[in-house]
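Spelled out from the first residue to the last, the chains are:
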Amino acid sequence: MVHELVMPQLGMTMTEGTVLRWLKAVGESVEKGEPIVEVQTDKVDMEVESPFTGYLTAILVQEGATVPVATRIGCLSTTPDADCASLAPDGPSAVDDVSVQQTDAAADRLVSTDNGATTSEAKASDNTGRVLVSPRARRVAHEFRVDLTLVTGSGEFGRIREVDVRRYLEDCATPAAQTPPEPARDNIRKVIADRLTHSVTTVPQFWLDREVDATGLVALRTKLLNAVAASRSVRLTYTDFLIKALALALREMPAMAKRWDGDRLVAADTDGIGFAAQGPDRLLVPVVHGADALSLAALAATRAGLVDKVQSGRLGPADMEGAVCTLSNLGAFGVDAFQAIINPPQSCILAVGRIADRAVVHEGSLVIRPTMRLVLTVDHRVVDGVGGAQFLSCIANYLENPETLLV
Amino acid sequence: MAAASRQIQYVEAGVEALREEMRLDSSVFYIGQGIGARGGNYKQSKGLWDEFGELRVRDTPISELGQTGLGVGAAMAGMRPIVDIVFLDMVMEAMGQIVEQAATIHYTSNGRLRVPLVIRAAMGTVRCTGPHHSRCFYSWFAHIPGLKVVLPASVEDVKGLMKTAIRDDGPVMFIEHKFFYNKRGYCPEGDYAIPFGQARICREGKSVTILAMSLMVWHAMEAAEVLAKDGIDVEVIDPRTIVPFDEETLLNSVKKTGRLLIVDEAQRFCGFSGEAAALVTEKAFDYLDAPVRRLGAIHTPHPFNPILEAEMLPSAEKIVAAVRALMAA
Amino acid sequence: MDSTLPTEIFFDLYACMYRIRAFEERLQTVYRSGVMPGFVHLYIGEEAVAAGVCSHLSTEDYVTSTHRGHGHAVAKGVPLGPLFAEIWGQTRGTNGGRGGSMHIYDPDCGFLGTNGIVAAGIPIASGAATAAVLQGRGQVAISFFGDGATNNAAFHEGINLAGAWSLPVVFVCENNLYATETPLDKATKNTDVSSKASAYGIPGMQVDGNDVVAVYQAAGTALARARAGEGPTLIECKTYRPVGHFEGDPGIGYRTKDEIAEWKQRDPIRMLLARFAAEDTSAQQRIDDITRMIDGEVEEAYQFAEASPEADPRSVADHVYPTA
């Protein structure tokens, strides 16, 4: 029995993935559940487990290559020698045998009535997106460690020939160019760039700015630090209060927990609050679910656990699923306020600046108070100005009266 | 005329080889239809009967099977016969004696009996020689263990290869092309034998290799001149002998150029060109920059009508087009 | 006893025929035991033809033979041990076991091959005769073939060429009435094989192929003619094989048991022995001695063949082309 191994869908938004590292070689045996390949998505690096027990009999996508989700990347079989040839032809498959067998069958049926003066071998299968490379070009590319995905072919059907590899080498004057570029980083930034561009160009966003008095917040947090530490061995942070406030506000205003589906509003079938966290090499957004019902201590523990995963690179796609809105806090970097960009299909994102002592007017006098600037970005297709303002107001109320978060 | 530029006809060069060998070795004798006093259909034995007489240069009845079997028997009994069948097509009548007897005896006798027999015939067309006088099925003999197959394509080569054929201790199919006979070319004086299994690089080049057989060598050279004007530098190889075949020269050439076109007057399907293509794909795979392509006759019997004949066969123009397509592949 | 011939000839003819018979019978026994590969066509019953013709020949003369040629090989002087081994496919065979029964070659005694292709040996014999003319040492060639070959193109072309060129070759047809299972009268309108000689302008003779003396005399005449440069002769020897076409063929599907029994009465060895008077005790003694000696030869031949070393698979590609 032969089974295909495909690029898995790891996360709702994933459309393509990069093969980072094959953990098994062709011919090696593998158990069901054993990691067989490491892939990179727009958000995470993940080990993919083998769905079957057997042998890895073919590797169809090499390390460093990016393919769409569901592309066949390898073959597994119960015997060490069966390869993918017996499986149905895959669209963008790199298996060479299939089209050759089809051509041979055609030749068997009918002796060609041409004498070879014209190229009668044009095959539809060559238009499937397969990269054609002549053996000679492949050999030269290997010798000079050229990534063939970066070379443009000038042969028929776009075939890469030796001259194309040589031309590529000439164009790359710097030594750095002779080592394979890191597709992973490009891939991530590309996805991020695409996502943000998509958000900014397709979602009509407006911003609501509110400064909240953080006196109560600061006091309550200080008061609860020890209790939370004792209870959960974690340090209570402002993020925890903010997440709780957002969760409760969403519960009060279900209109915010919606998304625009092209021609109608659809209720978000989830309740997660995402919060931006800095990983070792990029920003990630873990999601807390059911935050409205969690105690601050429990919330803190959950949040801390997720942050730990982010920092150790173990955050999985499930940890990032199902956010209705996102919290982004740049206060630690001295930012007073900023406008964040919505992560579609979420309806809003709350940008929070630093808590700092500021001069404010309180009961007619100028006083020094700790304050915090909130900027809420809202998808205007989901909610209007008033609705957004009310939502922000709700959040602000919780934060200025933080003991209400404990109810 | 200075010796270095001695120009004689292809047919004369063959006769020269025969005459010299028959003088050197009295066991060499020549039989065939019309090759005696008449000197042969193409004058391919002219003067031999006059010099060597009836016993050594003997006309046969129209009995290709009988002649060839007679050649086999005489060879087994210690002579070195040359059996001239004149037209390659007529060799069909003698196939049993060639394949089951001549080719097999040395092996089956465990090396105790040799069959030093040369079977000579002319293949190919010279403008409408028609369905029964134009075939080029030399590939069939290449497929039979025990036979050697020689396709001399130049005046110099036909003399040197004929000598080697006569001196060979086994059966040799010596297949000339009708078109060549009255063409002049350089031919060295004196005794020289060209070994079998040594291809001739007729033209050196870097862009593409053409392996061509017999008359197609001449067409390939013509095509190479045309292509040179466009900066396509063609290397033309004439294998000279199909069995034994000079693999090394072909492989080295393909390793250099990365592209191979094989041109044959015989039908493309199931001919020697397929064998050469398989060889290159097997042994020079990583040096190929394009698929190996073959140009051959369309898969039909040979039509008499000149337009149809031209359509069927490769030509210099078709070679040019095929090379251009190969450069773009 | 035929007084035109020296008595010694009769003993030689007996020895030759009995050698063939004893050899073939031993071969038959071994073959039936299942140890021999391939198949064999036994010469039993036709001994008079091989013996009668080949007794005239030296090792310098040439013979081409048929698929049923063990008898020709024995009569021509191919040593029995290597002959047995070759038929058995053993490495000690005349050709290393590469040929087997139908591809036996022994240039040391001019034996240019039994042949798996019917009639193919006919033009080859003409070729050997051509060489003989060119070499000028007075050799002759004999071509043996059956009635089946007489309808083949090679028969026509090979004999015609020999006639046109007056070659020193004698064409000997062993007409045993059947080509495998096809009777001659179903294969041709003219079943008189000897008459076909006239189509080529050469003499044709017809003899009782089971009478070794008659064969001997006819062959003598034809060979004298050949050696004198008068060209070829076609001799038709009417004979019969009481055994099947090949060993394993019961031989009765296409023939009647009566016909076979009738011909067995005319067994060539018995016919020769009948020429010796029963009272001639010295002749009988001589015959016994010859018989015993030949039995010993045949047994030795079997032992020789049986002791062959195994073939080396690495030799499979040897001798495709002659090396210098």
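Residues numbered from 1 in each chain as written. Chains lettered and ligands numbered in written order. Predicted model: local features only at pLDDT ≥ 70, side-chain atom pairs only at ≥ 80, totals over all residues. Heavy atoms only, no water.

A. The arrangement of the interface of chain A and chain B in detail. Listed by partner, the interface residues are 20 residues for chain A and 31 residues for chain B. Counting the surface lost from both chain A and chain B, the interface buries some 1800 Å², and carbon and sulfur atoms represent 49% of this. Joining chain A to chain B, the criterion identifies one salt bridge. The tally of links from chain A across to chain B stands at 13 residue pairs in polar contact (both at pLDDT 80 or more). Broken down by secondary-structure element, the contributors of at least two residues to the side of chain A that touches chain B are helix 2 (135–143) and helix 3 (162–171) of chain A. In terms of residue count, the dominant contributor to the side of chain A that touches chain B is helix 2 of chain A (four residues). (Contact = heavy atoms within 4.5 Å. Buried area = accessible area lost by both parts, 1.4 Å probe. Salt bridge = Lys/Arg side-chain N within 4 Å of Asp/Glu carboxyl O. Polar contact = N/O pair within 3.5 Å; in protein donor to acceptor, adjacent residues only side chain to side chain. Helix = DSSP H or I, 4+ residues; strand = E, 2+ residues; numbered from the N terminus.)

B. Quick look at the sheet that holds strand 12 (residues 241–243) of chain B. Residue and element names in this part refer to chain B. Within the open sheet, the seven strands sit side by side as 3-2-4-5-7-6-12. Their pairing is mixed. Strand pairing shows two members of the sheet lacking a second neighbour, strand 3 (57–59) and strand 12, which therefore form its edges. Each adjacent strand pair in this sheet contributes to an overall mean axis angle of 20 degrees, direction not counted. When strand 2 (residues 28–32) meets strand 3, the two strands line up parallel, connected through three bridges. Bridging across to strand 3, G32 finds its partner in D59. Contacts from helix 1 (residues 10–24) reach strand 2, strand 3, strand 4 (80–87), strand 5 (118–123) and strand 7 (172–177) within the one sheet, and its direction differs from that of strand 2 by about 135 degrees. (Pairing = 2+ DSSP bridges. Axes fitted to C-alpha atoms, helices over the stretch in contact; angles between N-to-C directions.)

C. Region of interest: the confidence of the model for chain A. Mean pLDDT over chain A stands at 83; residues scoring 70 or higher make up 84%. Note that pLDDT drops below 50 for residues 90–110 of chain A; the model gives that stretch 19 contacts with residues more than four away or on any other chain. (pLDDT = per-residue confidence, 0-100.)

D. Structural detail: the confidence of the model for chain C. In the predicted model, chain C carries a mean pLDDT of 95, and 99% of its residues have values of at least 70. Confidence estimates for the predicted assembly give a pTM of 0.68 and an ipTM of 0.93.

E. Quick peek at the packing of aromatic side chains. Scanning all chains against the criterion turns up 20 aromatic pairs over all chains. Ring centres of Y10 of chain B and Y181 of chain B lie 5.9 Å apart, and the angle between their planes is 65 degrees; on these two criteria the pair is classed as edge-to-face. Of this pair, Y10 of chain B sits in helix 1 while Y181 of chain B sits in the loop between strand 7 and strand 8 (184–186), and the two are 171 residues apart along the sequence. Since its relative accessible area comes to 5%, Y181 of chain B is described here as buried. Each residue in the set Y10, Y42, F87, F179, F180, Y181 and W218 of chain B is aromatic and connected to the rest through ring pairs, giving one cluster. The aromatic ring of Y238 of chain A is capped on one face by R221 of chain A, whose charged end is 4.8 Å from the ring centroid. (Phe/Tyr/Trp six-rings, centres within 6.5 Å; stacked < 30°, edge-to-face > 60°. Buried < 20%, exposed > 50% of the residue type's maximum accessible area, 1.4 Å probe, protein only. Lys NZ or Arg CZ within 6 Å of the ring centre and 35° of its normal.)

F. Representation of helix 9 (residues 272–283) of chain B. Residues and elements named next belong to chain B. Here helix 9 is twelve residues long and its end C-alpha atoms lie 17 Å apart, about the 16 Å a rise of 1.5 Å per residue gives. Burial in helix 9 covers these residues: F272, S273, A276, A277, L279 and V280. Along the axis of helix 9, the buried positions cluster into a sector of 160 degrees, meaning they face one direction only. Facing away from the buried side of helix 9 by over 90 degrees, the exposed positions are E275 and E282. (Expected span 1.5 Å × (residues − 1). Arc of directions from axis to C-beta.)

G. The arrangement of the environment of F23 of chain C in detail. Residues and elements named next belong to chain C. Within the secondary structure, F23 is located in helix 1 (residues 7–32). Accessibility expressed as a relative area gives 0% for F23, which makes it buried. Between the alpha carbons of F23 and L83 there is a distance of 9.7 Å; along the sequence they are 60 residues apart.

H. Layout of the side chain of T60 of chain B. Residue placement: T60 of chain B occurs in the loop between strand 3 and helix 3 (64–76). Within polar-contact distance, the side chain of T60 of chain B engages the backbone nitrogen of Q33 of chain B at 3.5 Å. Here the side chain of T60 of chain B touches Q67 of chain B through a polar contact of 3.3 Å, side chain to side chain. Those residues in contact with T60 of chain B that lie beyond four places of it in its chain are I31, G32, Q33 and Q67 of chain B together with W165 of chain C.

I. Structural detail: the pairing of strand 5 of chain B. Residues and elements named next belong to chain B. Summarising burial for strand 5: six of the six residues are buried, a large majority. Taking every second residue as pointing to the same face, both faces of strand 5 are buried, with V118, R120 and A122 on one and I119, A121 and M123 on the other. Following the chain from strand 4 across helix 4 (residues 95–108) to the adjacent parallel strand 5, one finds a crossover that is right-handed. In the sheet, strand 5 pairs with strand 7 via six bridges, with the strands oriented parallel. Looking at strand 7, one finds that A122 is bridged to E176. (Right-handed = clockwise from strand over helix to strand, strands pointing away.)

J. Representation of the interface of chain C and chain B. Each side of the interface is counted separately: chain C has 40 residues, and chain B has 42 residues. Buried area between chain C and chain B, both sides added, is near 3400 Å², and the carbon and sulfur share of it is 66%. Inspection of the chain C/chain B interface yields two salt bridges. Across the pair D108 of chain C and R112 of chain B runs a salt bridge, and its minimum N-O distance is 3.2 Å. For the pair chain C and chain B, the number of links is 21 residue pairs in polar contact (both at pLDDT 80 or more). Every element with two or more residues in the side of chain C that touches chain B is listed here: helix 5 (121–135) and helix 6 (153–164) of chain C. With ten residues, the top contributor of residues to the side of chain C that touches chain B is helix 5 of chain C. Each residue belonging to the side of chain C that touches chain B can be placed in one class, and the counts come to 22 nonpolar, 13 polar and five charged. (Nonpolar A, V, L, I, M, F, W, Y, C, P; charged D, E, K, R; others polar.)

K. Structural detail: the pairing of strand 19 (residues 365–379) of chain A. Residues and elements named next belong to chain A. Note that strand 9 (residues 205–213) and strand 19 share nine bridges and pair antiparallel. The partner of L208 across the bridge, within strand 19, is L376. Direction of pairing for strand 17 (residues 348–352) relative to strand 19: antiparallel, over a ladder of five bridges. Each residue of the ladder has a partner; that of C348, found in strand 19, is V378. With seven bridges joining them, strand 18 (residues 356–362) and strand 19 adopt antiparallel strand pairing. Among the inter-strand pairings, V361 is bridged to a residue of strand 19, identified as L366.

L. Seen up close, helix 4 of chain B. With 14 residues, helix 4 of chain B extends 18 Å between its outermost C-alpha atoms, agreeing within 8% with the 20 Å of an ideal straight helix rising 1.5 Å per residue. Among the 14 residues that make up helix 4 of chain B, ten are buried, leaving the element largely enclosed by the rest of the structure. Of all the residues in helix 4 of chain B, the buried ones are M95, Q97, I98, V99, Q101, A102, A103, I105, H106 and T108 of chain B. In this fold, the buried residues of helix 4 of chain B make contact with helix 3, strand 5, helix 5 (138–142) and strand 7 of chain B together with helix 5 of chain C.

M. Looking closely at unusual backbone geometry. All names here are of chain A. Here the residue pair P344 and P345 is connected by a cis peptide bond, since its omega of 10 degrees sits within 30 degrees of zero. Tracing the backbone shows P345 in the loop between strand 16 (323–329) and strand 17. The phi angle at F157 is positive, at roughly 60 degrees, despite the residue not being glycine. Along the chain, the position of F157 falls in the loop between helix 2 and helix 3. Of note in this structure, E363 is not a glycine but carries a positive phi near 50 degrees. In this fold, E363 is placed in the loop between strand 18 and strand 19.

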